[in-house]
Amino acid sequence: MRRFSVYDTMSREVRLFVPITPPKVGLFVCGLTPYDDAHVGHAKTAVTFDVVARALRRWGYRVFYVQNVTNLDDKVIARGAELGVDPLSLADRHLARWRVAMERLGVASVNYYPHATDYIPEILVQIRQLIDQGYAYAADGSVYYEVAKFREYGKLSGQKTEALRPGARVELDKAKRSPEDFVIWKAATPGEPSWESPWGPGRPGWHIEDTAITVRLLGARYDLHGAGLDLKFPHHEAEIALAEAATGESPLVNYWMHVGLLNFKGEKMSKSLGNVVSLDDVIDEVGPGVLRFYYLNAHYRSPLDFDPDRSLSEAREAHQRLSVPRRRLLEALAQRGAEGEGVELPEEVARESAAAVERLDAVLSDDFNTREAIATLFGWSRRAGEFVGDRAKLSGAALSQLLAPYQWAEEVLGIFEPLTPTPPSTGADALVTVALEARKRARERGDFSEADRIREALKAAGVLVEDSAQGTRWESRKPRAE
RNA sequence: GCCGAGGUGGCAGAAUGGUUAAUGCGACAGACUGCAGAUCUGUUUCUUGGGGGUUCGAUUCCCUCCCUCGGCUCCA
């Protein structure tokens, strides 16, 4: 197991990570409330923790990664009512889309996506414990958590409940003993989904599903909890208050990771401002690799500003610097075979390849500095680039050495799309071949205007032609980059 | 008002108590090419928001002021 450090929000410092039961690591990330389509901000968090999980697994940890789904809450119900559909099936539908987007983005690291409504028994048990231990009270068919009873409330965020300004967004609810109390069991409203309980029919409040789920799946104490920065207060504060009061164990979580939010031109991305950028649209436009690159090109804790006119095109250009040499080398390796004979790399370069991979692991193990990893990859690309031109002469072993840092990036960062195996030849391919043969003859007889005309015509048809010392290659290029 | 994050070159965005403050984008020039593309090489710009302090030395630590963003019970 490689040692690594993480910035822990609770202690406000970068700390060496020590699992409770090595090599196991329990990782919980606050997931989606699927009442609407996902936007690029949601995926930033998902990709961040995907990289965390990938890295830990590479380093020998056995990660159990749980991401919950709040498939029933006020927003889901409100949206369902608006559209005249059952809230739970509305949530299912959006969740299915999210899962597809995650698959496209290469986020396969999550072991389990528990749904809030599948943990009603656990939630009721926890509510019972809280009432028995004097942390919660029932009133008017609902149950509330009494924040004042939990002395350490605020220890994560530094917020003090006395500072809560009355009237801001505090729920006005007469049944509450104090404005900062929050509902953990909400009395049923006719027409809305509800479950029986000792306090009458109702449904879970927001925060308690997470603690019911994590206590059940990860235990009363677990290693790592992640989420977007916006959930730090009050949600995570509430999680701590609920779980630590219910189980009597502390701390609930050893390391808290919070991801900087994605802004839109300096402002928060939100429905009400009308500046949300659809995740699916962006994946369609630039492809998953470029989007992941864009996220990972900054430190996960920094806020990242999304500018529709610049961010993605810049990321695409920069991404090419890595993906193009990688693809060339992979193609050469496929032709030559891993055992193929040929020119070997100078010993110094072979050593540099291994050193680059080691450096990649090293920078990532310092609070997941993906930006530094990408800088390292650029450095390697420049070095490897010296040999890319001669790739046809290199041995399989040499090509593999040149590829090693890129493979690391594929494994841990996931910023490359898999190299599509040569697709079966189609009629269109045959036509391109014919056109290129004509172009080749034109070039041979020095008729460059004809050659350029063919190249332009192909380009207009979405076929990109490039000449090189190794001959002419082409690829079909839709608006999306690779 | 309270809590938190941050202010680094034309832009994006790292890092460090101490040689020339990464990397990428952009721009310019060169190599290669019939041209283009891709690739390589070189050049280009910041003394790190203002002020004060600690130190032999700070962009990095401390204080203060200004500004931006987020949170303050919807939010990844």
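Residues numbered from 1 in each chain as written. Chains lettered and ligands numbered in written order. Predicted model: local features only at pLDDT ≥ 70, side-chain atom pairs only at ≥ 80, totals over all residues. Heavy atoms only, no water.

Some words on the packing of helix α9 (residues 311-336) against helix α12 (residues 396-413)
When two helices pack together, their arrangement is given by the angle between the helix axes and by the axis-to-axis distance. Applied cut-off: As a rule, the C-alpha atoms of each element are fitted with a line to give its axis, helices using only the stretch in contact, and angles between N-to-C directions run from 0 to 180 degrees. Numbered from the N terminus, helices here are DSSP runs of H or I no shorter than four residues, and strands are runs of E no shorter than two. By the definition adopted for this analysis, an angle is roughly parallel if under 35 degrees, roughly antiparallel if over 145, roughly perpendicular if from 65 to 115, and oblique otherwise. Handedness of a helix crossing follows the sense of rotation of the near helix relative to the far helix, less than a right angle counterclockwise being left-handed and clockwise being right-handed. Residues are treated as being in contact if the distance between any of their heavy atoms lies within 4.5 Å. Three categories are distinguished: nonpolar for Ala, Val, Leu, Ile, Met, Phe, Trp, Tyr, Cys and Pro, charged for Asp, Glu, Lys and Arg, and polar for the others, with Gly belonging to the last.
Taken N-terminus to C-terminus, the directions of α9 and α12 make an angle of 135°; their axes are 9 Å apart at the nearest point. On the basis of their axis angle, the class for α9 and α12 is oblique. Crossing of α9 over α12 shows left-handed handedness. Note on element contacts: α12 touches α9 through Gly-396, Leu-399, Ser-400, Leu-402, Leu-403, Tyr-406 and Glu-410, opposite Leu-322, Pro-325, Arg-326, Leu-329, Leu-330, Ala-332, Leu-333 and Arg-336. For the contact of α9 with α12, the residue count by class is ten nonpolar, two polar and three charged.

Brief notes about the protein's contact with RNA strand B
Our working rule: The nearness test applies per residue and asks whether one of its heavy atoms lies within 4 Å of the molecule or strand. N or O atoms within 3.5 Å of each other form a polar contact, as long as, within protein, one can give a hydrogen and the other can take it, and as long as residues adjacent in sequence are counted only when both atoms are side-chain atoms.
Taken together, 59 residues lie around RNA strand B, and Lys-75, Trp-206, Leu-231, Lys-268 and Arg-321 are the ones closest in. Contacts to RNA strand B include Lys-75, whose side-chain N or O atom sits 2.4 Å from a sugar or linking oxygen. In this structure, Asp-452 approaches RNA strand B through a side-chain N or O atom, which is 2.6 Å from a base nitrogen. Among the residues making up the surface near RNA strand B, the classes are represented as 20 nonpolar, 17 polar and 22 charged.

Quick word on helix α10 (residues 347-364)
Formally: One fewer than the residue count of a helix, multiplied by 1.5 Å, yields its expected span. Exposure is judged per residue with a 1.4 Å probe applied to protein chains only, and the accessible area is read against the type maximum: over 50% gives exposed, under 20% gives buried, and values in between give partly exposed.
A rise of 1.5 Å per residue sets the reference length of α10, with its 18 residues, at 26 Å; its end C-alpha atoms lie 26 Å apart and thus fit the reference within 8%. Within α10, burial applies to Val-349, Ser-353, Ala-356, Val-357, Leu-360, Asp-361, Val-363 and Leu-364. Where α10 is buried, its residues contact α1 (40-58), α11 (370-388) and α12.

Notes on the nonpolar core
In plain terms, the rule: By nonpolar core is meant a set of buried Ala, Val, Leu, Ile, Met, Phe, Trp, Tyr and Cys residues that side-chain atoms within 4.5 Å join together.
Within the largest apolar cluster, 88 residues are counted, with the highest numbers of intra-cluster contacts made by Leu-56, Leu-279, Leu-291 and Phe-368. Broken down by element, this core gets its largest block of residues, ten residues, from α1. When near neighbours in sequence (up to four residues on either side) are disregarded, Phe-368 contacts Phe-4, Val-6, Val-52, Ala-55, Leu-56, Trp-59, Met-257, His-299 and Tyr-300. Core analysis: the next-biggest nonpolar cluster, separate from the first, contains 38 residues, Leu-130, Val-143, Phe-182 and Leu-218 among them.

Let's talk about the packing of aromatic side chains
The relative placement of two aromatic rings is captured by the distance of their centres and the angle of their planes. Spelled out, the test is: Only Phe, Tyr and Trp rings are paired, with Trp represented by its six-membered ring, and only when their centres lie within 6.5 Å; those with planes under 30 degrees apart are stacked, over 60 edge-to-face, the remainder tilted. Only when the NZ atom of a Lys or the CZ atom of an Arg is both within 6 Å of the ring centre and within 35 degrees of the ring normal do we say a charge sits over the ring.
Applying the stated rule across the entire model yields 17 aromatic pairs. On the numbers, 5.9 Å between centres and 80° between planes, the contact of Tyr-294 with Phe-306 is edge-to-face. With Tyr-294 in helix α8 (residues 288-296) and Phe-306 in strand β13 (residues 304-306), this residue pair connects regions lying twelve residues apart in the sequence. For Phe-306, a relative accessible area of 2% puts it in the buried group. In this structure an aromatic cluster arises from ring pairing among Phe-4, Phe-17, Trp-59, Tyr-61, Tyr-255 and Phe-368. Across the ring face of Tyr-137, the terminal group of Arg-177 is positioned such that the distance to the ring centre comes to 3.9 Å. Geometry around Tyr-7 places Arg-301 over its ring, the cationic atom sitting 4.0 Å from the centre.

Observations concerning the pairing of strand β9 (residues 222-228)
Note the cut-off: For two strands to be treated as a pair, DSSP must find at least two bridges joining them. If you view a crossover with the strands going away from you and the path from the first strand over the helix to the second runs clockwise, you call it right-handed.
In terms of burial, β9 is largely enclosed, as seven of its seven residues are buried. Relative to β9, strand β3 (residues 24-29) is paired through three bridges, and the arrangement is parallel. Each residue of the ladder has a partner; that of Val-29, found in β9, is Gly-226. Relative to strand β10 (residues 253-259), β9 runs parallel, the two being bridged by six bridges. Bridged to Tyr-222 within β10 is Val-253. Handedness of the crossover joining β9 and β10 through helix α6 (residues 232-247) is recorded here as right-handed.

Focus: the domain arrangement of chain A
For clarity, the cut-off: Where each domain begins and ends is defined by an automated method or by a domain database.
Each assigned domain of chain A is listed with its residue range as follows: domain 1 (5-259) and domain 2 (427-476). Each of domain 1 and domain 2 has a C-alpha centre, and the two are 57 Å apart.

Observations concerning α8
Counting buried positions along α8 yields nine of nine residues, so the element is predominantly enclosed. Residues Pro-288, Gly-289, Val-290, Leu-291, Arg-292, Phe-293, Tyr-294, Tyr-295 and Leu-296 constitute the buried set of α8.

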